[in-house]
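Chain residues, written in single-letter form:
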Amino acid sequence: MRGIVTLVTGSWHDIRIEDGSTLPCRIAGKLRMDDIRTTNPVGVGDEVEVQYETGDDTRGVISEVLPRRNYIVRQSPRRKHDLHLLASNVDQAVLVTTIIQPTLKMGFIDRFILMTEPHNIPVIIVINKYDLFGEEEKEMFGGLQYMYEDIGYQVLGVSALTGEGMETLKDLLKDKVTLVAGQSGVGKSTLVNAIQPGLGLKTDEISDYSGKGQHTTTFAQMFPLDMGGYIIDTPGIKMLSFNNLEPMDVAHNFKEFFKASVGCRFPNCLHRNEPGCAVKSAVEEGSISLMRYEHYLQIIGEIEDQNYWERHKDL
Ligand SMILES: Nc1nc2c(ncn2[C@@H]2O[C@H](COP(=O)(O)OP(=O)(O)OP(=O)(O)O)[C@@H](O)[C@H]2O)c(=O)[nH]1
Ligand SMILES: [Mg+2]
Ligand SMILES: [Zn+2]
């Protein structure tokens, strides 16, 4: 029979089967699947073929992962040569951030959308804890909204606590499979609880004055929504690196850079010191954000350093 993976904890996988019930399954010795190599062969959102264990209809075995419509992978935080599968078959991702508590790390937004962009997964940037905003934060929110909507990402200000902005967000989630991700402590689980009452997901109850999140959620988990669709709550992401990309992939996946790059003199322009670079001119005249440009330079610099040490392992 067919099912969807809703939770992976070690070698056990919760599979939601056709009747809506959950069957705990392990992976068969020989698993049929596509060829992308990830540390976890099966992830939340995967569609799988399962059979009951012989003589036991409370447990099952996954024999096949059906071809994926898409997937989100990240460089493994532990081993930089490994890719970790975050989720498969999603319609969109909600990137949850805050401006305060915890303080926004600007580069994180750009890194996150660089992770989803190669797979053409639309991202909604949700800025949570709007109830805490004073004048300064509201102004900053306005600036972010203007900047990212100009590039093509919707930006919403919400409060999972007071419900402000939540109706707009809910409308966007109806009948869709949505991955909810972001740094720890930004309120992902609180948001998911507000969107689908009754889940009772654990949230960080103790107010944390350091402003750093504690990693309350430890496994990605998918839940059906009463209004239709599914939502996936995930553990906080500490940082994102891009060992799996080449600098040119980065250039292609900063959307507005790619658009502007038709005007660059060289087709393989990396928009650094090349003469006749249209992206650099756009940054200088202010139509491309200097901050995004700096994040871009930082990311390609990291990839190049990495590549350098790979090629000179014997040094
Ligand atoms: N003031 C305010 N606090 C909020 C809001 N949303 C969440 N919080 C608080 O932020 C803290 C962290 O919330 P969580 O939902 O646990 O955060 P998380 O993103 O799931 O964190 P991890 O599971 O560690 O990744 C909790 O104390 C929440 O009560 C909000 O809209 N306003
Ligand atoms: Mg959480
Ligand atoms: Zn250029």
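See the structure above.
Residues numbered from 1 in each chain as written. Chains lettered and ligands numbered in written order. Predicted model: local features only at pLDDT ≥ 70, side-chain atom pairs only at ≥ 80, totals over all residues. Heavy atoms only, no water.

> Let's hear about the overall build of the protein chain: which residues, and what values?
When its secondary structure is counted, the protein chain shows eight helices and 13 strands. Along the longest, intermediate and shortest principal axes, the C-alpha atoms of the protein chain span 70 × 55 × 35 Å. Taken across its 315 residues, the protein chain has 48% of its residues classed as buried. When contacts within the protein chain are restricted to residue pairs at least 6 apart in sequence, long-range pairs at least 24 apart make up 64% of them. Carbon and sulfur atoms make up 50% of the accessible area of the protein chain, which amounts to about 16,000 Å² in all. Distance between charge centres in the protein chain, computed from 32 positive and 44 negative side chains, equals 5 Å. (Helix = DSSP H or I, 4+ residues; strand = E, 2+ residues; numbered from the N terminus. Buried < 20%, exposed > 50% of the residue type's maximum accessible area, 1.4 Å probe, protein only. Contact = heavy atoms within 4.5 Å. Areas by Shrake-Rupley, 256 points an atom, 1.4 Å probe, with all protein chains shown as cover. Lys, Arg positive; Asp, Glu negative; His and termini not counted. Charge placed at Lys NZ, Arg CZ, Asp CG, Glu CD.)

> Residues and numbers for empty space enclosed by the protein, please.
Going through the model one piece at a time under the given rule, you end up with one cavity of 30 Å³ or more. Counted as a void, the largest cavity has a volume near 30 Å³. Residue lining of the largest cavity: Val94, Leu169, Leu173, Val180, Leu191, Ile195 and Ile231, and that is the complete set. Elements with a contribution of two residues or more to the lining of the largest cavity: helix H3 (166-173) and helix H4 (188-195). (1 Å grid on protein atoms, 1.4 Å probe; cavity = no way out; pocket = protein on both sides within 12 Å on 5 of 7 lines; lining within 4 Å. Points joined across faces, edges and corners; volume = space filled by probe spheres on them.)

> Residue-level account of the coordination of the zinc ion (ligand 3), with values.
Within the first shell, the zinc ion (ligand 3) binds the protein through Cys264 (SG), Cys269 (SG), His271 (ND1) and Cys277 (SG), at distances of 2.1 to 2.4 Å. Bound by four donor atoms, the zinc ion (ligand 3) shows angles of 103 to 118° at the metal and therefore tetrahedral coordination geometry. When the donors of the zinc ion (ligand 3) are listed by position in the chain, the intervening gaps give C-x4-C-x1-H-x5-C. Across the pair, His271 and Cys264 agree in class, each one buried. (Donors = N, O, S within 2.8 Å, 3.2 Å for Na, K, Ca; no water. Tetrahedral: all angles 85-135°; square planar, octahedral: opposite > 155°, others 65-115°.)

> For the coordination of the magnesium ion (ligand 2), give the residues involved together with the corresponding values.
Taken together, the protein donors to the magnesium ion (ligand 2) comprise Ser189 (OG) and Thr217 (OG1), at separations of 1.9 to 2.2 Å. Placement of the pair is Ser189 in helix H4 and Thr217 in the loop between H4 and strand E12 (221-224), with a sequence separation of 28 residues. The class for Thr217 is buried, based on a relative accessible area of 16%.

> Describe the site of ligand 1, naming the residues involved and giving the relevant values.
Near ligand 1 lie 22 residues; those nearest to it are Ser184, Lys188, Thr190, Asp204 and Thr216. Contact distances for ligand 1 include 3.3 Å between an oxygen atom and a backbone N or O atom of Leu161. Split into classes, the residues belonging to the shell around ligand 1 amount to five nonpolar, 13 polar and four charged. (Near = heavy atom within 4 Å. Polar contact = N/O pair within 3.5 Å; in protein donor to acceptor, adjacent residues only side chain to side chain. Nonpolar A, V, L, I, M, F, W, Y, C, P; charged D, E, K, R; others polar.)

> Describe the packing of aromatic side chains, and please don't skip the residues or the numbers.
Counted under the stated rule, the structure contains seven aromatic pairs. Residues Tyr130 and Phe141 carry aromatic rings whose centres are separated by 5.5 Å and whose planes lie at 85° to one another, so their mutual orientation is edge-to-face. Of the two residues, Tyr130 sits in the loop between strand E9 (123-127) and helix H2 (135-151) while Phe141 sits in helix H2, which places them eleven residues apart along the sequence. The exposure class of Phe141 is buried, given its relative accessible area of 7%. Summarising the aromatic geometry, the rings of Phe257 and Tyr293 are spaced 6.3 Å apart at their centres and angled 45° between planes, so their arrangement reads as tilted. Placement of the pair is Phe257 in helix H6 (residues 255-260) and Tyr293 in helix H8 (residues 290-311), with a sequence separation of 36 residues. We classify Phe257 as buried; its relative accessible area is 0%. Following the ring pairs from residue to residue traces out a cluster consisting of Phe254, Phe257, Tyr293 and Tyr296. The residue whose ring lies beneath Lys255 is Tyr153, and the NZ or CZ to ring-centre distance is 4.4 Å. (Phe/Tyr/Trp six-rings, centres within 6.5 Å; stacked < 30°, edge-to-face > 60°. Lys NZ or Arg CZ within 6 Å of the ring centre and 35° of its normal.)

> Tell me about H8, residues and numbers included.
The end-to-end C-alpha distance of H8, which contains 22 residues, comes to 31 Å, matching closely the 32 Å that a straight helix rising 1.5 Å per residue would cover. Listing the buried residues of H8 in full gives Arg292, Tyr293, His295, Tyr296, Ile299, Ile300, Ile303, Gln306 and Asn307. With its buried residues spanning 165° around the axis, H8 presents them on a single face. Along its buried surface, H8 packs onto helix H1 (106-116), H2, helix H5 (247-253), H6 and helix H7 (278-285). (Expected span 1.5 Å × (residues − 1). Arc of directions from axis to C-beta.)

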